[in-house]
Amino acid sequence: MAGQIRIRAKLEGDVAEVKALMRHPMETGQRKDSAGNKIPAHFITQVIAKMGDKVVLESQWGAAVSQNPFLSFRVKGAKAGDTITVEWLDNKGETDSGEAVVK
Amino acid sequence: MIIKRLPKLKVIGLCLGLFGVNSAIAQDDPFAEYRAMMGDDNPAIFVSEEGADLWQAPNGPKQASFEQCDLGLGPGIVEGAYAQLPRYFADTQQVMDLESRLFYCMETLQGRSPEEARKKPYSSTGDMGTEIEALVTYIAEQSTGMPIALPQQHPLEIAAYEQGKSLFYYRAGPHDFSCATCHRQSDKRIRLQNLPNLTTNEGAGAAYSSWPAYRISQGLVRTMGWRMQSCGRQQRLPELQPGSEAVISLMTFMGVNAKGTEMAAPGLKR
Amino acid sequence: MKNAYFKLAVPLLISIALAACAKSPEPNSANKSNEPKSAEQIWRSSMKAKNHVGLDRITQTELQKACSNNSDIVANEAQRAVLQQQAMNSVAFPADGNYLGDWQRGEAIAGDGKGLQWNDNPNEPNGGNCYACHELSPKEVAYGTIGPSLKNYGMRGQSEAMLQYTWAKIWNPNAYTLCSHMPRFGDAGILTEQQLKDVMAYLLDPASPVNK
């Protein structure tokens, strides 16, 4: 599942507007498949965004977030060429990350 | 350097659970509220970027890109093309929509077989998106803000409109449904889903201008061709083929009815 | 024409006529590309059979043909009367004379939109999908508005006339409203007799949430 985060970071003044799309089923654990069996919970629990090495966003997520989550946030103090990294960790211990250069 | 997290943090889906709970909100199209909250944020931006790459990338036995593909405004001209499709093409002597035209360019420019070109235009559940979906998203985005203006000059363009109209009212299948069953009246809905009246400028405009769209419930961009295929399925009819004459005629009927509405694709839908 | 030529001329003429017949599709088909194709021809060339749904579904019944217009009115008055009578004659009332089944099963049928689509399992029972178009129980807010509200339908009572009318309306709505937008749930075999009874109970049973 690695490498499936798409990120765009656009600079406006000294603020970078970051948009990220993550690929994840985000199963709540409440749904059943067509055979009536419960689909096990599988969702992102933690999302961390960094600019360079510095953590700029840390959030705890749960099953209420939709599949393929779309995240948008702004970082002040950014400049062109900075690297933005977004990574997630899910309840199965899987992770993924992606990065983009601020333009 | 001061790094500060601004309070503008949005996650799609956080509020999806609210839908269908309150009938008062349902009356006022809860999704409009949701869209307003999302502002310019639409995951389709990434699909569009992918489409732009695919447009320029060499592909097929002839290792050609789409950059010589004529979408009606001249080879390689993408800007404004979507708002004027379907239209008549002299090289094929047919009225074509975007998807049939892309198949044509895959075959003629890139040398791909008709089977390969049409192999999988639409994603299945859980897929990551298809070449056609990405290309259509990119091309439609190059018409954003432009008025829908399908040409009605060539006799075949006029014939396509008339054919589309007769297909629209054609009742068939075990449920006796036609397109008109759901899409000829204004201010009606199925369950909580508002139905556009495709015979009016307002309804056809709202529908035509908003496809392709990112469907949040599916995590994918869907095209208007896909939506029509789903309509055919819900009519209990067999599988409507992408880029087929029925699709092209129905799109012409809708698009001509939608005349003047500004394109707003890629949209954001339930 | 001289008699001497006549005997020869007849077979010749016949063979020329045959040749003309054999050749005729060519110039005709060239003309046909400018001739409008029928809606049925276009649907057929634009669809493929999928799973259990075949191209035969495109073929229209007489009723579907007559109602395929932008007015939902059968243009020919004589045909209108015939079609309406046919619709009325199509209704098969329950053999045991018992119209009312189980409203709880009826509720499930009213909310179920599956059935007869190419992605539906043909071995599972079809749904009625009443809620797609009708308001029924006031507790269910996700209802459509193509059809009228049926909230409190049961206040009309359970007279024989009421039972027959409701049954016939669901079996084939064209018996009362020609070119109705509602499917012929009985006539087209969408729901079974038992399912129809259950839906009847959902509408008419005083204990049903529709009437609460």
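Residues numbered from 1 in each chain as written. Chains lettered and ligands numbered in written order. Predicted model: local features only at pLDDT ≥ 70, side-chain atom pairs only at ≥ 80, totals over all residues. Heavy atoms only, no water.

K.L.:
Describe the nonpolar core, and please don't skip the residues or the numbers.
P.N.:
Counting 60 residues, the largest nonpolar core has Trp55, Leu102 and Ile139 of chain B together with Trp43 of chain C as the members making the most contacts within it. Formed by 30 residues, the second largest nonpolar core is a distinct cluster that contains Tyr99, Leu150, Ile170 and Val199 of chain C. (Core = buried A, V, L, I, M, F, W, Y, C linked by side-chain atoms within 4.5 Å. Buried < 20%, exposed > 50% of the residue type's maximum accessible area, 1.4 Å probe, protein only.)

K.L.:
Residues and numbers for the packing of helix 6 (residues 103-111) of chain C against helix 8 (residues 193-204) of chain C, please.
P.N.:
Residue and element names in this part refer to chain C. Running from N to C, helix 6 and helix 8 point in directions that differ by 100 degrees, and their axes come no closer than 7 Å. As the angle between them shows, helix 6 and helix 8 are arranged roughly perpendicular. Here Trp103, Arg105, Gly106, Glu107, Ile109 and Ala110 of helix 6 come into contact with helix 8, specifically with Gln194, Gln195, Asp198, Val199, Ala201 and Tyr202. Grouping the amino acids of the contact of helix 6 with helix 8 by side-chain chemistry returns 6 nonpolar, 3 polar and 3 charged. (Axes fitted to C-alpha atoms, helices over the stretch in contact; angles between N-to-C directions. Helix = DSSP H or I, 4+ residues; strand = E, 2+ residues; numbered from the N terminus. Parallel < 35°, antiparallel > 145°, perpendicular 65-115°, else oblique. Contact = heavy atoms within 4.5 Å. Nonpolar A, V, L, I, M, F, W, Y, C, P; charged D, E, K, R; others polar.)

K.L.:
Can you lay out unusual backbone geometry for me, pointing to particular residues and giving the numbers?
P.N.:
Here Leu85 of chain B and Pro86 of chain B are connected by a cis peptide whose omega angle stands at 0 degrees. Locating Pro86 of chain B in the fold gives a position in the loop between helix 3 (44-56) and strand 2 (87-89). In this structure, the amide linkage connecting Trp211 of chain B to the following residue, Pro212 of chain B, adopts the cis form with an omega of -5 degrees. Mapped onto the fold, Pro212 of chain B is located in the loop between helix 9 (201-210) and strand 6 (213-215). Its identity as a non-glycine residue notwithstanding, Asp72 of chain C has a phi of 55 degrees, on the positive side. Its location among the elements puts Asp72 of chain C in the loop between helix 4 (62-67) and helix 5 (77-90). For Asn152 of chain C, which is not glycine, the phi dihedral falls at a positive 65 degrees. By the secondary structure assignment, Asn152 of chain C is in the loop between helix 6 and helix 7 (160-171).

K.L.:
Could you give me a rundown of helix 3 (residues 39-46) of chain C, with the residues and numbers involved?
P.N.:
Because an α-helix packs 3.6 residues into every turn, residues spaced three or four apart end up facing the same way. Those residues of helix 3 of chain C lying buried are Ala39, Ile42, Trp43 and Ser46 of chain C. Considered in projection along helix 3 of chain C, the buried side chains sweep an arc of 100 degrees and stay on one side of the axis. Of the surrounding elements, those touching the buried residues of helix 3 of chain C are helix 7 (155-168), strand 8 (239-240) and helix 11 (245-257) of chain B together with strand 1 (47-48) of chain C. (Arc of directions from axis to C-beta.)

K.L.:
Talk me through the sheet that holds strand 6 of chain B; I want residue IDs and the actual numbers.
P.N.:
All names here are of chain B. The strand order across the open sheet formed by 3 strands is 7-6-9, and the pairing between neighbours is mixed. The sheet is open, and its two edges are formed by strand 7 (220-222) and strand 9 (267-269), each paired on a single side. The sheet shows a mean angle of 35 degrees between the axes of neighbouring strands, direction not considered. (Pairing = 2+ DSSP bridges.)

K.L.:
Talk me through the pattern of salt bridges; I want residue IDs and the actual numbers.
P.N.:
Any two side chains of opposite charge can pair, so long as their charged atoms come close to each other. Tallied over the entire structure, the rule returns 25 salt bridges over all chains. Where Asp187 of chain C meets Arg184 of chain C, a salt bridge forms, and the shortest distance between an N and an O atom there is 2.9 Å. By relative accessible area, Arg184 of chain C is classed as buried at 9%. Close ionic contact of Lys197 of chain C with Glu193 of chain C constitutes a salt bridge, the shortest N to O distance being 3.9 Å. Here the residue Lys197 of chain C and the residue Glu193 of chain C both occupy positions in helix 8, the gap between them amounting to 4 residues, near one helical turn. Take Lys197 of chain C: its relative accessible area is 7%, and that puts it in the buried class. Take Glu193 of chain C: its relative accessible area is 34%, and that puts it in the partly exposed class. Here the residues in one salt-bridge network are Arg112, Glu116 and Glu131 of chain B, joined through shared partners. (Salt bridge = Lys/Arg side-chain N within 4 Å of Asp/Glu carboxyl O.)

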